[in-house]
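# Summary of the model geometry
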Amino acid sequence: MTRFIHTSDWQLGKTWARLRPEAAARLAEARLEAIRTLGKLATEHGAEFIVVAGDVFEHNSLSRETLGRALEQLKALPVPVYLLPGNHDPLVADSIFYETQDIPGVHIVTDHTPIRVEGTSTPVEIVGAPLLTRHPDTDLVALALDALPDDPEHPARILLAHGQVLNRDTIDNPATIDLGLIEDALQRGVINYVAMGDTHSAQTIGHSGAVWYSGAPEPTDFFDTATGGGENNSGHALLVTLRDEGVDVEELSTGTWTMEAIEADVNSIDDVEDFLARLDAYPNKSKTVIKYTLRGTVDLTAMNHLDAGLDARTPIFAAFYPRERLMDLTLAPGTEELDTLQLGGYADGALRELLEASADGDTTAEDALRLLFRLQH
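Looking up the protein chain in an unreviewed UniProt entry gives the name Nuclease SbcCD subunit D, with the organism given as Corynebacterium argentoratense DSM 44202. According to its UniProt record, the protein chain has this under Sequence similarities (unreviewed entry): "Belongs to the SbcD family."

Listed below in structure tokens is the structure:
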């Protein structure tokens, strides 16, 4: 039996334009802390090593601070770690991986040559398909598999790969990985498990149960709560157990941050209250990033209540903002609301012009109406 941790897509050094500087710093820290978490999980679950299936770093030019702290976390891992260059950090002349080559226990997968894993209770080999350029022009996994003999006596073999597969990618891309070749190699016993990276949600693909994307250990993009799409299962690593009779894979939680795209229909003050209550239900707002879409038609009272509620909650979240392109919330003041404004002369004329422009979809006019109502109350 062999047990190890499969992870990928750390993308250390990634930045987020929508986050305030203090929140961005905390998220960067969480991504570094995830390395420590992976080490703890390896110890707790008896994993003998860790494989990282590409995109360890966001790019090959990190700040000295980010790189130095990343190297310290790698040094502290309690088990050996095997790093595969991906499309964000390909193994080019100025590769950042050369900064890690002298760290004990840290191994870079530089070519297709099988690597014997150190210190395991049973023999294990790692076969990699590292990216030597950001945009390869061939299926690197096919090249790696073609170099392996059909030897039934070989040690347990783990293939590390990074990219999309044919049954998941409709784009005609010569670098797309042929899942059929992988499944055939698994069936023939040439390899025993395929650790994939590039897709940031943990999931198995194919029919063998031995080909997995680990997902990113912290979210890097939004989970769309309405459709179930986007990053719908990030914040995990995989505990993989290879036995003679097959493969067992268990998802382990690593993520501490939440990124969600939410939407709601808002047509009354009760709907406003429901939406605000939904926001209040997030348990750890300082580590939560929300982008929202609202649709519907509301009167001035409901709109004013919504604006006040959103304004109060915006600074509490790590980031909280509307999806302007998808927003479709229309202001329709009631007759009684307009009467309470008690405007006359020029001001009343301006109000009527704003109402007409707002009805035609002028968002600036809507904003002016909302401000006018707030000032009058």
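Attention now goes to the overall build of the protein chain. A count of helical and extended segments in the protein chain gives nine helices and 17 strands. In the protein chain, which comprises 377 residues, the proportion classed as buried is 50%. Considering only contacts within the protein chain whose residues lie at least 6 apart along the sequence, 73% involve residues at least 24 apart. Here the protein chain has roughly 17400 Å² of accessible surface; of this, 48% comes from carbon and sulfur atoms.

What follows is about the sheet that holds strand S5 (residues 115-116). Strands sit in the order S5-S6-S7-S8-S10-S9 across an open sheet of six strands; the sheet is mixed. The open sheet has two free edges, formed respectively by S5 and strand S9 (203-204), since each of these has just one partner strand. Sheet analysis places strand S8 (residues 193-197) next to strand S10 (residues 211-213), joined by three bridges and oriented parallel. Among the inter-strand pairings, Val 194 is bridged to a residue of S10, identified as Val 211. Each of S8 and S10 touches helix H4 (residues 179-187); the most contacted strand, S10, lies at about 130° to it.

Glancing now at the nonpolar core. Core analysis: the biggest nonpolar cluster contains 31 residues, and Ile 5, Trp 10, Ile 50, Phe 57, Leu 74, Val 81 and Leu 83 have the highest contact counts within it. Taken together, the elements giving at least two residues each to this core come down to helix H1 (21-45), strand S2 (50-52), helix H2 (64-75), strand S3 (81-83), strand S4 (106-108) and strand S12 (236-243). If one sorts the elements of this core by residue count, H1 sits on top with five residues. Among residues more than four places away in sequence, those in contact with Ile 5 are Leu 38, Leu 41, Ala 42, Ala 47, Phe 49, Ile 50, Val 51, Ala 237, Leu 238, Leu 239 and Leu 252. In this structure, Ala 144, Ile 191, Ile 205 and Tyr 213 belong to the second largest nonpolar core, which totals 24 residues.

Turning our eyes to something else, we now look at the pattern of salt bridges. The full count for this structure, using the stated rule, is eleven salt bridges. Between Lys 75 and Glu 72 there is a salt bridge; the shortest N-O distance is 3.2 Å. Linking Lys 75 with Glu 72, this pair stays in helix H2, spanning three residues, or about one helical turn. For Asp 184, the salt bridge is made with Arg 188, and the minimal N-O distance between the two is 2.8 Å. Judged by relative accessible area, Arg 188 falls into the partly exposed class, the value being 43%.

Here we come to the side chain of Arg 157. The topology assignment puts Arg 157 in strand S7 (residues 156-162). Note on Arg 157: relative accessible area 5%, which makes it buried. A polar atom in the side chain of Arg 157 sits 3.1 Å from the side chain of Glu 125. Here Arg 157 is in contact with Glu 125, Val 127, Leu 148, Pro 149, Val 190, Ile 191, Asn 192 and Tyr 193, once residues within four sequence places are set aside.

The rules we used
Residues numbered from 1 in each chain as written. Predicted model: local features only at pLDDT ≥ 70, side-chain atom pairs only at ≥ 80, totals over all residues. Heavy atoms only, no water. UniProt positions renumbered as here; feature names shortened; annotations may be inferred. Helix = DSSP H or I, 4+ residues; strand = E, 2+ residues; numbered from the N terminus. Buried < 20%, exposed > 50% of the residue type's maximum accessible area, 1.4 Å probe, protein only. Contact = heavy atoms within 4.5 Å. Areas by Shrake-Rupley, 256 points an atom, 1.4 Å probe, with all protein chains shown as cover. Pairing = 2+ DSSP bridges. Axes fitted to C-alpha atoms, helices over the stretch in contact; angles between N-to-C directions. Core = buried A, V, L, I, M, F, W, Y, C linked by side-chain atoms within 4.5 Å. Salt bridge = Lys/Arg side-chain N within 4 Å of Asp/Glu carboxyl O. Polar contact = N/O pair within 3.5 Å; in protein donor to acceptor, adjacent residues only side chain to side chain.

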